[in-house]
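# What the coordinates show
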Amino acid sequence: MSKLLCVVDYQVDFVSGALGFEAARALEAPLANRVKQALTEGWQVLFTRDTHGADYLTSREGRFLPLPHCLKGSEGWHLYGQLAEYEQAVLPGVAFLDKPTFGAEGLPAAVRALCGGEPEEIEVCGVVTNICVVSNAIVLHSAFLNADITVRSDLCAAGDPADHENALRLLKGMGYRIAEGSR
């Protein structure tokens, strides 16, 4: 049985940089523990990285959110804190997907490559709940119709707690399992 943990955009700019917020900082240790646990249990782990270039402000997203962030190769683009260690070494069962906007068009192909086909179970966590987490959860559901998809509410955050809760309510209404703690 193939299982995937998808960690969405836990990058410096979303934690302590340009778009950082306190609730994201509080996720560092729990996310690091969940990644270690998942790898120990034989899960595959895919980290998405929001990735922009110098032309960000002229993009649709840049016009919507006119604050440069996650510029490829910058300090803010890298994974935050304890999770940064995964960028330093090539590990079996770990992969990265750089994405140019909220939802990653290449996510299904990256998941299939990492999992050797379609996963039966997917767990999603990361930031920002009401933007990139929602977008990528929907991409995953659209590509893997038979997978059991869980969004870990305790391992996601948004700058505004109301936005976090509204996003979780939306996902629950769409049939996603919303859970706290490991399965």
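Let us look at the structure shown here. In this text the structure is predicted, and so the values were computed from the model without any measurement.

### Side note on the pattern of salt bridges
A full pass over the atoms with the stated rule returns 11 salt bridges. A salt bridge links K99 to D50; the shortest N-O distance between them is 3.5 Å. Of the two residues, K99 is situated in strand 3 (residues 94–99) and D50 in strand 2 (residues 44–50); the sequence distance between them amounts to 49 residues. Ionic pairing is found between E123 and R152, a salt bridge with its closest N-O pair at 3.2 Å. With E123 in strand 4 (residues 121–127) and R152 in strand 5 (residues 148–157), this residue pair connects regions lying 29 residues apart in the sequence. Across this residue pair, the class does not change: E123 and R152 are buried. Each of R34, E123, R152 and D154 takes part in salt bridges that share partners, so that together they form one network.

### Some points on the layout of surface pockets
The gaps of empty space that remain are located by a probe, the size of a water molecule, rolled over the atoms. The computed volume of the largest pocket comes to approximately 180 Å³. Lining the largest pocket are 17 residues, and of these F14, L19, L65, V128 and I131 lie nearest its centre. Split into classes, the residues belonging to the lining of the largest pocket amount to 10 nonpolar, 3 polar and 4 charged.

### Re helix 3 (residues 28–40)
Across its 13 residues, helix 3 extends 18 Å between first and last C-alpha, which sits within 8% of the 18 Å expected from 1.5 Å per residue. Among all positions in helix 3, only E28, L31, A32, R34, V35 and A38 are buried. In an axial view of helix 3, the angular spread of the buried residues amounts to 160°, which keeps them on one side of the axis. The inward-facing, buried residues of helix 3 abut strand 1 (3–8), helix 2 (22–25), strand 2, helix 5 (85–88), strand 4 and strand 5. Where helix 3 terminates, the next one or two residues include G42, which has phi positive at roughly 90°.

### Considerations on the packing of helix 6 (residues 107–115) against helix 7 (residues 129–143)
Taken N-terminus to C-terminus, the directions of helix 6 and helix 7 make an angle of 65°; their axes are 9 Å apart at the nearest point. As the angle between them shows, helix 6 and helix 7 are arranged roughly perpendicular. As helix 6 runs across helix 7, the sense of the crossing is right-handed. Residues L107, P108, V111 and R112 of helix 6 touch helix 7, and the partners they reach there are N136, V139, L140 and A143.

### A look at the side chain of S2
Take S2: it is sitting in the segment before strand 1. The exposure class assigned to S2 is buried, which follows from its relative accessible area of 17%. Not counting the four nearest positions on each side in its chain, S2 is found in contact with C115, E118, P119, E120 and E121.

Scoring rules and cut-offs
- Residues numbered from 1 in each chain as written.
- Predicted model: local features only at pLDDT ≥ 70, side-chain atom pairs only at ≥ 80, totals over all residues.
- Heavy atoms only, no water.
- Salt bridge = Lys/Arg side-chain N within 4 Å of Asp/Glu carboxyl O.
- Helix = DSSP H or I, 4+ residues; strand = E, 2+ residues; numbered from the N terminus.
- Buried < 20%, exposed > 50% of the residue type's maximum accessible area, 1.4 Å probe, protein only.
- 1 Å grid on protein atoms, 1.4 Å probe; cavity = no way out; pocket = protein on both sides within 12 Å on 5 of 7 lines; lining within 4 Å.
- Points joined across faces, edges and corners; volume = space filled by probe spheres on them.
- Nonpolar A, V, L, I, M, F, W, Y, C, P; charged D, E, K, R; others polar.
- Expected span 1.5 Å × (residues − 1).
- Arc of directions from axis to C-beta.
- Contact = heavy atoms within 4.5 Å.
- Axes fitted to C-alpha atoms, helices over the stretch in contact; angles between N-to-C directions.
- Parallel < 35°, antiparallel > 145°, perpendicular 65-115°, else oblique.
- Left-handed = near helix turned anticlockwise from the far one by under 90°.

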